[in-house]
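Per-entry structural report
The primary structure of each chain is shown beneath.
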Amino acid sequence: MSTEAFPTRISLAEALEIVRAVASARRLPVEPVATGRADGRVLASGVTAPSPLPAFDNSAMDGFALRHADLSADAPTTLRLVGEQFAGLDAGLVVAAGECVRITTGAPMPQGADTVLIRENATVEGDRVVVPAGLKPGAHVRLRAEDVAEGDEVLQAGQMLTPARVGLAASLGIDRLPVVARPTVAVFASGDELVEPGMPLQPGQVYNSNRDLLMAQLRALGLEPVAWPTLPDDPARIEAVLGDAVDSFDVVLTCGGVSAGEKDHLPRWLQSRGRIHFWKVRMRPGMPLLFGEAERALVLALPGNPVSTLATFTVFGRVLLDRLQGRSEPRPRWRARLAAPWRKAHERAEFLRGRLGQSDDAVLRVYPNPADGSHRLRGAADSDVLIVLEEGARDYATGDLVEVLPL
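All of the points below concern the structure found in this document. Remember, predicted model here, so these are calculated numbers, not experimental data.

1. Points about the overall build of the protein chain
Looking only at helices and strands, the protein chain features seven helices and 29 strands. Against the compact-globule benchmark of 22 Å for 407 residues, the protein chain has a radius of gyration of 30 Å, which places it well outside the compact range. Expressed as lengths along the three principal axes of its C-alpha atoms, the size of the protein chain is roughly 95 × 50 × 45 Å. Across the protein chain, every contact between residues at least 6 apart in sequence was considered, and the portion connecting residues at least 24 apart equals 70%. Counting every atom, the protein chain has about 19,400 Å² of accessible surface; 50% of that belongs to carbon and sulfur.

Written as structure tokens, this is what we have:
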């Protein structure tokens, strides 16, 4: 197959930049979603506060609302209790000189009051409240607009709507938010050797683990992928099945059939059906990664070894799906100290499996899993991060600082 029309064996950085650019150009449409159902979605446009937060001065504690000017600086002060203001409708109370009002947390401050004495520090004698000396002016009062002023941009386009951001929108009375549509994703595994879990194996066959692995990774991102039947090692049947998928889905994910063997038909299919943006990346595991497009879909074809599938989706699949949704915030990337030495004898970028821990001095340390073969899924199951080793052969010593990606 000719590779003159597309890049091949490119660097990790170059491949990621191509994925970002292509996916950003295909950003999905905007749809309104109820605020209470918007968690995990990507905000399509900024949100401006229609009102201040808090909307009125209110008490931060249960206690007594009073005028600080009435208090003695060096001795207790006795005030007359003239009413109660509970959280809810403003009772329209007014605090005059020498008076106070019983108040609960969140209740509007009565007119004239500017300070709250917490209930535990008060001495109540009938309709008299004794205030100890030393209460600071404005104590335990939440001022109008101290959190958000009317007109503030409180949420920005491209942000992921976390629970706290959803709560902020709801606290401002916003009942619907503009979000980017979630991509539709079709998931395929390929290979005549694959058998579904639960079925008996014949000699030479293996269970289809990659499709379930990918489905779980996608669901963890809040998506609802569709699992398709296994692709056979037959070009005509691949064309028929994938042809339907690329007409109907935003993203088509496959695993297996992307190298240069006799049964690796996907690169030739994608070149004939659409366009290849790159094939093969200088990374381990996962070098035969294939990325392109056909009809409606972006196609990300991952290698078939299970750890290669896990690593390439973590590194490329998340970026692809984030950019389709216009996500501007980077996902978490941490740095940790290697807890053991590692010899990297090749030039490609590498993604080791590892487990993150914390030493007694509160330093993050990452423990490489010695089972580093791309077929060794148990090593990945025992890990919670990928350890990123940059291009170039070198020896890593215990304590060296490396980047880690959460799985």
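And the narrative resumes.
2. Quick look at the packing of aromatic side chains
According to the stated counting rule, one finds four aromatic pairs in the structure shown. When the ring of W228 is compared with that of F249, the centres are 5.9 Å apart and the planes differ by 75 degrees; the resulting orientation is edge-to-face. Here W228, found in the loop between β17 (226–227) and α4 (235–248), pairs with F249, found in the loop between α4 and β18 (251–255); they are 21 residues apart in sequence, far enough to count as distant. F249 carries the same exposure label as W228, and that label is buried. Between F278 and F316, the aromatic rings sit 6.2 Å apart at their centres with planes inclined by 50 degrees, giving tilted as the arrangement. With a gap of 38 residues between them, F278 in strand β19 (residues 275–281) and F316 in helix α6 (residues 306–324) connect regions that are remote in the sequence. The same class applies to F278 and to F316, which are both buried. Here the aromatic residues F188, W228 and F249 are joined through ring pairs into a cluster of three or more. K280 extends its terminal NZ or CZ atom over the ring of W279, reaching a point 4.6 Å from the ring centre.

3. Quick look at the sheet that holds strand β10 (residues 128–131)
With respect to topology, six strands assemble into an open sheet ordered β8-β5-β7-β6-β10-β9, the strand pairing being mixed. Lying at the two open borders of the sheet, with one neighbouring strand each, are β8 (115–118) and β9 (123–125). The average angle at which neighbouring strand axes cross in this sheet is 40 degrees, direction not considered.

4. With respect to the packing of helix α3 (residues 210–220) against α6
The interhelical angle for the contact between α3 and α6, taken along N-to-C directions, is 30 degrees, at an axis separation of 11 Å. By the angle between their axes, α3 is roughly parallel relative to α6. Note that α3 runs across α6; the crossing there is right-handed. Along its contact with α3, which presents N210, L213, L214, Q217 and L218, the element α6 presents P306, T309, L310, F313, T314 and L321.

5. With respect to the pairing of β18
Burial analysis of β18 places five of its five residues in the buried class, the great majority of the element. Burial along β18 is two-sided: the residues V251, L253 and C255 and V252 and T254 are all buried. Pairing of strand β14 (residues 185–189) with β18 involves five bridges; the strand directions are parallel. Bridging from a neighbouring strand, F188 pairs with T254 of β18. For β18 and strand β22 (residues 297–302), the ladder comprises five bridges, and the chain directions are parallel.

6. Some words on the nonpolar core
Judged by nonpolar contacts, the single largest core of 45 residues is most densely connected at L12, F278, V281, F291 and F316. When residues of this core are assigned to their parent elements, the largest contribution, eight residues, is made by α6. Excluding its chain neighbours within four sequence positions, the residues that come into contact with F278 are P7, I10, A15, I18, V19, L289, L290, F291 and F316. If you look at the next biggest cluster of nonpolar residues, it comprises 22 residues, including A186, V252, I276 and L290.

7. What to know about helix α5 (residues 266–273)
Turning to α5, its buried residues are L266, P267, W269 and L270. Buried residues in α5, looked at end-on, bunch into an arc of 165 degrees, giving them a common side. Exposed side of α5, more than 90 degrees from the buried face: R268 and S272 are the residues found there. Of the surrounding elements, those touching the buried residues of α5 are α4, β18, β19, β21 (290–294) and β22.

8. Digging into the environment of L81
Note that L81 resides in strand β6 (residues 77–85). The class of L81 is buried, set by a relative accessible area of 16%. Considered as a pair, L81 and F64 are 17 residues apart in the sequence and their alpha carbons are 8.6 Å apart.

Conventions adopted
- Every residue gets a number counted from 1 within its own chain, in the order that chain's sequence is written.
- In keeping with the predicted nature of the model, local features appear solely for residues at pLDDT of at least 70, side-chain atom pairs appear and are counted solely at 80 or more, and the whole-chain, interface and lining totals rest on all residues.
- Excluding hydrogens and water, the side-chain figures rest on all heavy atoms present in the structure.
- Helix and strand definitions here come from DSSP, where helices need a minimum of 4 consecutive H or I residues and strands a minimum of 2 consecutive E residues; each element is numbered from the N-terminal end.
- Atoms counted for the radius of gyration: C-alpha only. Globule rule: 2.2 Å times residue count to the power 0.38.
- Two residues qualify as a contact provided that any one of their heavy atoms is within 4.5 Å of a heavy atom in the partner residue.
- Here the Shrake-Rupley method, with its probe set to 1.4 Å, supplies the accessible areas, and only the displayed protein chains count as covering residues.
- The criterion for an aromatic pair is that two Phe, Tyr or Trp rings (for Trp, the six-membered ring) have centres within 6.5 Å, with stacked assigned to planes under 30 degrees apart, edge-to-face to planes over 60 apart and tilted to the rest.
- We call a residue buried when its accessible area falls under 20% of the maximum for its residue type, exposed when it is over 50%, and partly exposed in between, using a 1.4 Å probe and counting protein chains only.
- Counted as over-ring charges are cases with an Arg CZ or a Lys NZ within 6 Å of the ring centre that also lie within 35 degrees of the ring normal.
- Two strands qualify as a pair provided DSSP detects at least 2 bridges between them.
- Fitted lines through C-alpha atoms give the axes, limited to the stretch in contact for helices. The angle between two N-to-C directions lies from 0 to 180 degrees.
- For classification, angles of less than 35 degrees are called roughly parallel, those exceeding 145 degrees roughly antiparallel, those between 65 and 115 degrees roughly perpendicular, and all remaining angles oblique.
- The hand of a helix crossing depends on one turn: near helix anticlockwise from the far one by less than a right angle means left-handed, and clockwise means right-handed.
- In plain words, nonpolar cores are sets of buried Ala, Val, Leu, Ile, Met, Phe, Trp, Tyr and Cys residues tied together by side-chain atoms within 4.5 Å.
- By arc we mean the arc of the directions from the helix axis to the C-beta atoms, nothing more.

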